[in-house]
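# Structural overview
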Amino acid sequence: MTTARDAQAPPTSVGWIGVGRMGSALVRRLLDAGYDVAVYNRTRSKAEPLAEYGAKVVDRPVDLADRDVVFIMVSASADLEAVTIGDGGLLTASDTPRIIIDSSTVSTEMSERIRAETSGRGSAFLAAPVSGNPSVVAAGKLTLAVSGPREAFDESEPLLNLLGKGVTYVGDGDGARLVKIAHNVFLGIVAQSLAEITVLVERGGTSRAAFLNFLNDSVMGSTFTRYKTPAFVNLDFAPTFTNILLHKDFTLGLDAARELKVPMPVAALAAELVSSAIGAGHTTEDFATLLLEQARRSGVELTPENVAVDDGLSTDG
């Protein structure tokens, strides 16, 4: 007999590896939806606050091997290798999750390796890189590109839909990795271009707030230009995504372009400008500091305008 509690609680048990700012925000959405979630983080103290919301905290990735579905969100290829097939890794037990969903931004080579290891243990592997940051998650506007076995995607789609507003299946294999890398290359190009035109109009005597208000209301405005407006206007560069991470994705994108024989001259130049920002010391701040480097090269001294501007996000999720 089904009780009210049974009717409200989804049956799938979920594991989550990597609960930094992004991972924690996404785990909260699953917990709020009533899922049974257990989490692992290399630095356990960063995971422990989630226990207050109902998550179980484990000591090793392998402790999540009995979960139905396990998400992974780590920073680099070496981290993905460590938490899956390294000492105490998720795939080192006799039991394995039915589905592993990896939202890390890693090389296609490492992803293919872990996909093969997962398949060899009878589990399905989905690549599911995301577009967004904790503020975007809180607004319910995260988007995901997913690739891998269609059956595994169909089974996981209800979970994935809880994470944000858009889930796009892009095919078998590892196509989602290239989709995400292409997305981040475009992100860097747009950020650099936005920095250039913003400095141009300020040099010409127009405030950044006024220009960006006009741009955001025009056909050229976007969620991204609106979201970066507060940083550009008030020079608040609290990190959402750093130049270091952006440069990593440029490198992955340009490597893919060479392999696939697709010339990307604009991306190559933007990558050099991101590298220049890193050389200037902008390593821990948000990549919107590309604005500061553009101003420096232009002989323009920027000061915060201290204007209240809308970031275009609303808490609808």
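Residues numbered from 1 in each chain as written. Predicted model: local features only at pLDDT ≥ 70, side-chain atom pairs only at ≥ 80, totals over all residues. Heavy atoms only, no water.

### What about the packing of helix H9 (residues 208–217) against helix H10 (residues 223–234)?
For the record, the criterion: As a rule, the C-alpha atoms of each element are fitted with a line to give its axis, helices using only the stretch in contact, and angles between N-to-C directions run from 0 to 180 degrees. To qualify as a helix, a DSSP run of H or I must reach at least 4 residues; to qualify as a strand, a run of E must reach at least 2; elements of each kind are numbered from the N terminus. For classification, angles of less than 35 degrees are called roughly parallel, those exceeding 145 degrees roughly antiparallel, those between 65 and 115 degrees roughly perpendicular, and all remaining angles oblique. Any two residues whose heavy atoms approach within 4.5 Å at even a single point are treated as in contact. For this classification, Asp, Glu, Lys and Arg are treated as charged, while Ala, Val, Leu, Ile, Met, Phe, Trp, Tyr, Cys and Pro are nonpolar and the rest, including Gly, are polar.
Two elements in contact, H9 and H10, have axes separated by 10 Å at closest approach and are oriented at 175°. Between H9 and H10, the interaxial angle falls into the category roughly antiparallel. Residues Arg208, Ala209, Leu212, Leu215 and Asn216 of H9 lie in contact with H10, whose contacting residues are Thr225, Arg226, Thr229, Phe232 and Val233. Tallied by class, residues from the contact of H9 with H10 come to five nonpolar, three polar and two charged.

### Things to note about the environment of Ile100
Inspection of the secondary structure assignment puts Ile100 in strand E5 (residues 99–102). The spatial distance from the C-alpha of Ile100 to the C-alpha of Glu112 is 13 Å, given a sequence separation of twelve residues. With near-sequence residues (within four places) excluded, Ile100 lies in contact with Val70, Ile72, Leu90, Leu91, Thr118, Ala124, Phe125 and Leu126.

### Considering the packing of aromatic side chains
Heads up, the rule is: Centres within 6.5 Å are what make two rings of Phe, Tyr or Trp a pair, Trp counting through its six-membered ring; a difference in plane orientation under 30 degrees is then read as stacked, over 60 as edge-to-face, and the rest as tilted. Note on exposure labels: buried denotes an accessible area under 20% of the residue type's maximum, exposed denotes more than 50%, and partly exposed covers the range between, all computed with a 1.4 Å probe on protein chains only. Two conditions define a charge located above a ring, namely a distance within 6 Å from the ring centre to NZ of Lys or CZ of Arg, and an angle within 35 degrees of the ring normal.
By the definition in use, this model includes four aromatic pairs. Judged by centre distance (4.5 Å) and plane angle (15°), the rings of Trp16 and Phe71 are stacked. Residue Trp16 is located in strand E1 (residues 13–17), and its partner Phe71 is located in strand E4 (residues 69–72); the two are separated by 55 residues in the primary sequence. An angle of 85° between the planes, with centres 6.0 Å apart, marks the rings of Phe241 and Phe287 as edge-to-face. Of the two residues, Phe241 sits in the loop between H10 and helix H11 (243–260) while Phe287 sits in the loop between helix H12 (265–279) and helix H13 (290–298), which places them 46 residues apart along the sequence. Comparing Phe241 with Phe287, the two get one shared label, buried. Put simply, the rings of Phe224, Phe241 and Phe287 touch in pairs and so form one group of aromatic residues. Of note, Arg28 hangs over the ring of Tyr53, and the distance from its end group to the ring centre comes to 3.7 Å. Lying across the ring of Tyr169, Arg150 places its NZ or CZ 4.5 Å from the centre.

### As for the packing of helix H8 (residues 175–203) against H11
Using the following cut-off: Here a crossing is taken to be left-handed if its near helix is turned anticlockwise relative to the far helix by less than a right angle, and right-handed if that turn runs clockwise.
One can describe the packing of H8 onto H11 by two numbers: an axis separation of 9 Å at closest approach and a directional angle of 120°. Classed by the angle they form, the pair H8 and H11 counts as oblique. Note on packing geometry: the crossing formed by H8 with H11 is left-handed. Of the residues in H11, those in contact with Leu178, Ile181, Asn184, Val185, Gly188 and Ile189 of H8 are Leu246, Asp249, Phe250, Leu252, Gly253, Ala256 and Leu260.

### Describing the nonpolar core
Cut-off, in case you're wondering: Joining through side-chain atoms within 4.5 Å is the link that ties buried Ala, Val, Leu, Ile, Met, Phe, Trp, Tyr and Cys residues into a set, and such a set is a nonpolar core.
Core analysis: the biggest nonpolar cluster contains 35 residues, and Trp16, Leu30, Val39, Phe71, Leu144, Leu160 and Leu163 have the highest contact counts within it. Counting only elements with at least two residues in this core, the list comes to E1, helix H2 (21–32), strand E2 (36–40), E4, E5, strand E6 (124–127), strand E8 (143–147) and helix H7 (150–161). When neighbours within four sequence positions are excluded, Leu30 is seen to be in contact with Val14, Trp16, Tyr35, Val37, Phe71, Leu159, Leu162 and Leu163.

### What to know about the confidence of the model for the protein
How we decide: As a per-residue measure, pLDDT reflects the predictor's confidence and takes values from 0 up to 100.
Here the protein shows a mean pLDDT of 92. Residues at 70 or above account for 95%. Confidence drops under a pLDDT of 50 for residues 1–9, and excluding neighbours within four residues, the segment shows three contacts in the predicted structure.

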